[in-house]
Amino acid sequence: MTTEELRESLLAAPKNGYTKLTAEQKAEMESYCKWYATFIDAAKTEREATSWAAAEAEKHGFKPLVWGMDVKPGDKVYLNNRGKSIILAVIGSESLAEGANICAAHVDSPRMDLKPNPLYEDSEIAYFKTHYYGGVKKYQWTAVPLALHGVVYRKDGTVVDVVIGEDDSDPILMISDLLPHLAADQMQKTAGQVIAGEQLNVILGTQPLEGEGSDLVKLHIMKLLNEKFGIIEADFLSAELCIVPAGKCREVGLDRSLLAAYGHDDRVCAFAEMAPLFDLGTPTHTAVCVLADKEEIGSVGISGMQSQAFEYFMEILCRAQGVSVAHCFANSFCLSADVSNAFDPNWPETCDRRNNAKVNYGVSIMKYTGSRGKGGASDASAEAMGHVRTTLDNAGVLWQIATLGKVDQGGGGTVAAYMANRNIVTVDAGVPVLSMHAPIELVSKLDCYMTMLACKAIYLA
Ligand code: MN
Ligand code: MN
């Protein structure tokens, strides 16, 4: 063999995905990404993502799964977990005793949540007090257009949906920052302290009502909220209201190869899981799509991936076939579909570039996440990685290997560990992201499309 032949047969040679993408795939990628943009614009909270998924599933023939329900191969079912997470399945031709092919993503994203008693007035400006949710750089949330999304449970038991700041005719909300002219002290602080948590106060208005007494601006805002949503101040106690970046998904770059949006982490993977499930046909193994909540704060709570809600869903399916859930799990596979960091040449020192995902190299596969000696990772086995590698190669999916930053630089987790705890073989995979957890994140269309193809290949494995 010549050196060149040896090089070709022995050494790995990752290539930019655009060198391999066919014209037909490129067209499919564009239409897939347009569809994704409609989802990401409509789904800025876990609730909105869940509602969108349930409605779209219904359109594609999915039926709500109820206790005691009989299911047969080809049936399409879903369980809306209290409006905040959703699990969908297409029943396979094989028994659940042979295991399910699961893709699990999360639909919550970092943001500012309103405090239970949020509304106040200071210096004749009305504000909402917030508590940030998930890992954010707090300074990124000042002086950017913000919107209010959520629900309010009123005293009479009715629930009202709230969205302000998304329609072009809506006002937006904003958190102010300090002018540089007076920021001598602020600029001496570390980035973590430049904006304190208690300074993330959202401006609501400045115009006082006519009349006597204090807090006339606050009263004016409460009057406007009452006119629009029929709520009173005490109703904030039974509300979930979130401050998120206002605005829609946009193409980025003169070549339009990237997408900018709030909450790609992890709705870009949630959508990649959902989209192929809608028209999957009857798979061999039952295909299960999990869209979980609360990943950004540890997968806790009744709607998080640690919740028994997943067991409840699987038990309904397994009972219909006389199969034990534990036995089904033991034979199942899970792709924990969550975003990874794309290599950013502005911060090369934070990554090991030989082991980091790159934009446009396809869906990133991660053997482990975690931090400081793989702490908190599920650390997939060679066999599990081999299964994914073979499955994706056979399906012609462009993929790359990834790790989250260089050793001891930091790290992070996903739902993978909680699926592996259930005795389900689990591997992390997802879309590489630039500016992850910033108010606006960037992903490449090619990687979004390949992640969808990867989920489809896993369902059909
Ligand atoms: Mn994530
Ligand atoms: Mn995240």
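Located above this text is the structure these notes cover.
Residues numbered from 1 in each chain as written. Chains lettered and ligands numbered in written order. Predicted model: local features only at pLDDT ≥ 70, side-chain atom pairs only at ≥ 80, totals over all residues. Heavy atoms only, no water.

## Describing the sheet that holds strand β22 (residues 441-444)
Then comes step 1: Taken in spatial order, the 5 strands of this open sheet run β11-β12-β22-β21-β15, and their pairing is mixed. Unpaired on one side and paired on the other, β11 (250-252) and β15 (340-341) mark the two borders of the sheet.
Then comes step 2: Two strands pair when backbone bridges link them, and β15 and strand β21 (residues 432-434) are joined in this way by 2 bridges, in the parallel orientation. Residue serine 340 lies in a different strand from β21, and its bridge partner there is proline 432.
Then comes step 3: The sheet strands contacting helix α11 (residues 445-459) are β11, β12 (258-261), β21 and β22, and the helix crosses β22 at an angle near 70°. (Pairing = 2+ DSSP bridges. Helix = DSSP H or I, 4+ residues; strand = E, 2+ residues; numbered from the N terminus. Contact = heavy atoms within 4.5 Å. Axes fitted to C-alpha atoms, helices over the stretch in contact; angles between N-to-C directions.)

## Section: helix α7 (residues 309-320)
Because the α-helix completes a turn every 3.6 residues, residues three or four places apart line up on one side.
Then comes step 1: Between its first and last C-alpha, α7 extends 17 Å over 12 residues, near the 16 Å set by a 1.5 Å rise per residue.
Then comes step 2: Buried within α7 are the following residues: Ala309, Phe310, Glu311, Phe313, Met314, Ile316, Leu317 and Cys318.
Then comes step 3: The elements touched by buried residues of α7 are β2 (76-81), β3 (85-90), β4 (100-106), β13 (286-292), α8 (325-330) and α10 (416-420).
Then comes step 4: Positive phi appears at glycine 322, one or two residues downstream of α7, with a value of about 65°. (Expected span 1.5 Å × (residues − 1). Buried < 20%, exposed > 50% of the residue type's maximum accessible area, 1.4 Å probe, protein only.)

## Description of the coordination of the manganese ion (ligand 2)
Then comes step 1: Surrounding the manganese ion (ligand 2) are the protein donor atoms Asp265 (OD), Glu296 (OE), Glu296 (OE) and His437 (NE2), at 2.0 to 2.6 Å.
Then comes step 2: Here the donor residues of the manganese ion (ligand 2) share one chain and are spaced in sequence as D-x30-E-x140-H.
Then comes step 3: The metal-metal distance between the manganese ion (ligand 2) and the manganese ion (ligand 1) is 3.4 Å, with aspartate 265 serving as a donor to both. You can see aspartate 265 sitting in helix α6 (residues 264-278) and its partner histidine 437 sitting in the loop between β21 and β22, a full 172 residues away along the chain.
Then comes step 4: Residue histidine 437 is classed as buried on the basis of its relative accessible area, which comes to 17%. (Donors = N, O, S within 2.8 Å, 3.2 Å for Na, K, Ca; no water.)

## Observations concerning the state of the cysteines
Then comes step 1: Summed over the entire model, instances satisfying the criterion amount to 0 disulfides.
Then comes step 2: In this model cysteine 269 remains outside any disulfide bridge; the closest cysteine sulfur is found in cysteine 455, 7.0 Å from its own.
Then comes step 3: By relative accessible area, cysteine 269 is classed as buried at 0%.
Then comes step 4: Cysteine 455 takes part in no disulfide bond, and the closest cysteine sulfur, belonging to cysteine 103, lies 4.1 Å away.
Then comes step 5: Residue classification places cysteine 455 among the buried residues on the basis of a relative accessible area of 0%. (Disulfide = S-S within 2.5 Å.)

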